[in-house]
Every structure is written in C-alpha cells, then in structure tokens.
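# Architecture and fold: a report
The residues making up each chain are set out below.
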Amino acid sequence: MSDVQGLVDAHHHVWDLDLRPQPWLDEPGHEPIRRDFSSHALRSAATRPIAGRRLTSTVVVQCVASVPETRDLLALADSDPLTGAVVGWADLTSPAIGDVLDDLRTGHAGRYLRAVRHIVQGESDPHWLQRPDVERGLRAVRERGLGYDVLIRSHQLPQAIRLAERLPELPLVLDHAGKPPIARQELTDWTRWVRTLARHPHVRCKVSGLVTEADHDTWTVDDIRPVWDVLLSAFGPDRLMFGSDWPVCVLAGGWNRWPATIDELLDGCSGTEIHAVLAGTATAFYRLTPAPTKEGTPCS
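Residues numbered from 1 in each chain as written. Predicted model: local features only at pLDDT ≥ 70, side-chain atom pairs only at ≥ 80, totals over all residues. Heavy atoms only, no water.

The subject of this paragraph is the packing of helix H7 (residues 221-235) against helix H8 (residues 257-265). Between two packed helices, both the angle of their axes relative to each other and the distance between the axes serve to describe the pair. The interhelical angle for the contact between H7 and H8, taken along N-to-C directions, is 55°, at an axis separation of 11 Å. Classified by the angle between their axes, H7 and H8 sit oblique to one another. For the pair H7 and H8, the sense of crossing is right-handed. On the side of H7, the interface is formed by Val221, Ile224, Arg225 and Trp228, while H8 contributes Trp258, Thr261, Glu264 and Leu265. When the residues that make up the contact of H7 with H8 are grouped by side-chain class, the tally is five nonpolar, one polar and two charged. (Axes fitted to C-alpha atoms, helices over the stretch in contact; angles between N-to-C directions. Helix = DSSP H or I, 4+ residues; strand = E, 2+ residues; numbered from the N terminus. Parallel < 35°, antiparallel > 145°, perpendicular 65-115°, else oblique. Left-handed = near helix turned anticlockwise from the far one by under 90°. Contact = heavy atoms within 4.5 Å. Nonpolar A, V, L, I, M, F, W, Y, C, P; charged D, E, K, R; others polar.)

The next point concerns the nonpolar core. Grouped together as the largest cluster of nonpolar side chains are 89 residues, with contacts concentrated most on Tyr148 and Leu231. Not counting chain neighbours up to four residues away, the residues in contact with Leu231 comprise Ala177, Trp190, Val194, Cys205, Val207, Gly236 and Leu240. (Core = buried A, V, L, I, M, F, W, Y, C linked by side-chain atoms within 4.5 Å. Buried < 20%, exposed > 50% of the residue type's maximum accessible area, 1.4 Å probe, protein only.)

What follows is about the pairing of strand E7 (residues 203-207). Every regular strand shows the same layout, with side chains that alternate between the two sheet faces. Most of E7 sits out of view: four of its five residues are buried. The pairing of strand E6 (residues 172-174) with E7 spans three bridges and is parallel. In the strand pairing of E7, Leu172 is matched with Val203. The handedness of the E6 to E7 crossover, carried by helix H6 (residues 188-198), is right-handed. (Pairing = 2+ DSSP bridges. Right-handed = clockwise from strand over helix to strand, strands pointing away.)

Turning next to the sheet that holds strand E2 (residues 54-61). Strand order in the open sheet formed by eight strands is E1-E2-E3-E4-E5-E6-E7-E8, with parallel pairing between adjacent strands. Edge positions in the sheet fall to strand E1 (6-12) and strand E8 (240-242), since each has one partner strand and no second. In this sheet, neighbouring strand axes are inclined to one another by 30° on average, regardless of whether the strands run parallel or antiparallel.

This paragraph deals with the packing of aromatic side chains. Going through the model one piece at a time under the given rule, you end up with five aromatic pairs. With a centroid separation of 5.5 Å and 90° between ring planes, the pair formed by Trp15 and Trp24 is classed as edge-to-face. Of the residues examined, Trp24 reaches a relative accessible area of 24% and is grouped as partly exposed. Arranged with centres 5.2 Å apart and planes meeting at 90°, the rings of Phe37 and Trp246 form a pair that is edge-to-face. Taken as a pair, Phe37 in the loop between E1 and helix H1 (39-45) and Trp246 in the loop between E8 and H8 lie far apart in primary sequence, 209 residues in all. (Phe/Tyr/Trp six-rings, centres within 6.5 Å; stacked < 30°, edge-to-face > 60°.)

Glancing now at the pairing of strand E3 (residues 83-88). Of all six residues in E3, six are buried, a share of seventy percent or more. As paired elements, E2 and E3 share four bridges and run parallel to each other. Its bridge partner lying in E3, Thr58 is registered against Thr83. As defined by bridge partners, E3 adjoins strand E4 (residues 113-118) across three bridges and the pair is classed as parallel. Within E4, the position partnered with Val86 by the bridge is Leu113. The parallel pair E3 and E4, bridged by helix H3 (residues 97-106), forms a crossover whose chirality is right-handed.

Function-wise, these values are silent; they only describe arrangement.
Encoded structure:
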C-alpha cells in the first residue's frame, strides 16, 4: 500500500452459503444478499474512489460463531492480495480460549489474524461484556497482541464503556459506530454514550454500517451527517476508519453509494485527516502495510 491514493475498507464480509450457511440471512428483508459473496465480487463492486483513492486493501470480518470460518478467512487473506487482515472469532467464554487463539495464530496464514469479534448485539445479557469468563477471554486476546471489534447495538453502548474502563490496554474498535438509531432519529442517548466512550484513547470507531441503520430506501447524506458530526468531534479523524460493511450495504444502496456519501462528509477536511479516515487509522489498528499521508488544514 505504498500508493498515496490508497483506500482501506476496514470492514467487509464474504460468504459461501453452500459451504457455511448464514442463518441470519433467513430473516425477512435480507433477500438481496441471500447469495454468495466473494472477494472477487467486492473488487467488481468497489469501483468508486473516495477523495481520489481507490480500494487497495481490506479487512475481512467474521459473520458466524465459527473457528472454521476464521480459518477460511485466514486462508483467503493468504491467497488474496486485496485482503490485508482478518477479524476472526473464538469462544471468549471458553477456558481454552488462549490455546485456540495460539493455534489460530500459529496455523496456516495465522499472521493475518489481527482482532477477534463476537456478535454481542445478539446477546440478551445486558452485562455480557462484563461476565468474568468473557473478561478472562478478552485478557487472553490482549495478551496475544490482538484487538477486539465491538459489535453492539446503541442500547448496549454502556457495556462498551465499562469494557474500555476495565481493560484499558485492550485495543478496541467500535463497529458501525455502535449502530445509531438513524431511522428513528433518536440520537440523544447514542450521542451521550459515544462521547463517553471516545474519552478512552485506546478506542477507535468504524464509520461503517450507517446506511442500514437509516431508512434503506429513502436515506440521504443529510440523515447520516448528524452521526458523522458527532463521530468527528468525539473521536477526531485519527481515530476513525472507513468501512463499507459490504455486502450488507447492498440492502441500502450498495458499495459505491456509501463512498459517494463519505466523499461529501469529508468535504472541508485536510489531506492528513482524509488519509487518517480512509487509510491511516485502519492501517495502524490492524497493522497493515502503511500508506503515506498528506499535510493540510483541519476539518472545518
């Protein structure tokens, strides 16, 4: 990624439904993405640049609670030059979590494992991230130099805040900005909690998945801008990273419409700040090959 115009997509998925079914796709409304998606399909879809930058590297993220899926994603990263890092899954509640992580890291293409994730948004326990067995698992993640992707819904943000307080040495990234309730236009609690979370300097945030929290059919840039304004002021551009959430974004306009939106939101930002959001933050967090930056004036 030596190209100054490099773009990192810090959050996308792939799946082969014959190899590994995705039960969540059976829910109503998911028909447009109830098919296979490969990294080659992402290449074909991601044609629009952002601020003149074209896609040069990606971070592929787990979908199901499956160590075999993580192994498949590591193999993908090893064979696909576009895929620079993997966010995998391992059972954080298992007493053997350390051994599982060690096995993944020393196995085939294990060098691409940079973080783990659990679908906390599906857990009914309002204190799941504070469970003693989960915290033990997260300490094992930290001890192995890995980060943790926090996937929650907006009402679960207090869990993320407590996690940041209790494990200040665990690198965290908030997926999809904590899923703000954009469609309902109820951002008051989300705003307060996100600002509190952002006070912890070891937390990063993905500017991803926002269009599917808005009305899929009618959303505009103006619906996304209030969320962007909060994220920019709370985290600053050097702790934000662009992610497409492809192919889930197909439900609300597709890959290219989201970069067009990001292009508008970045208007007024300096070259340095644009670089941070589009490549620098993700490069540092996931330890990708770095791309150079540009100097300029601050975001207005």
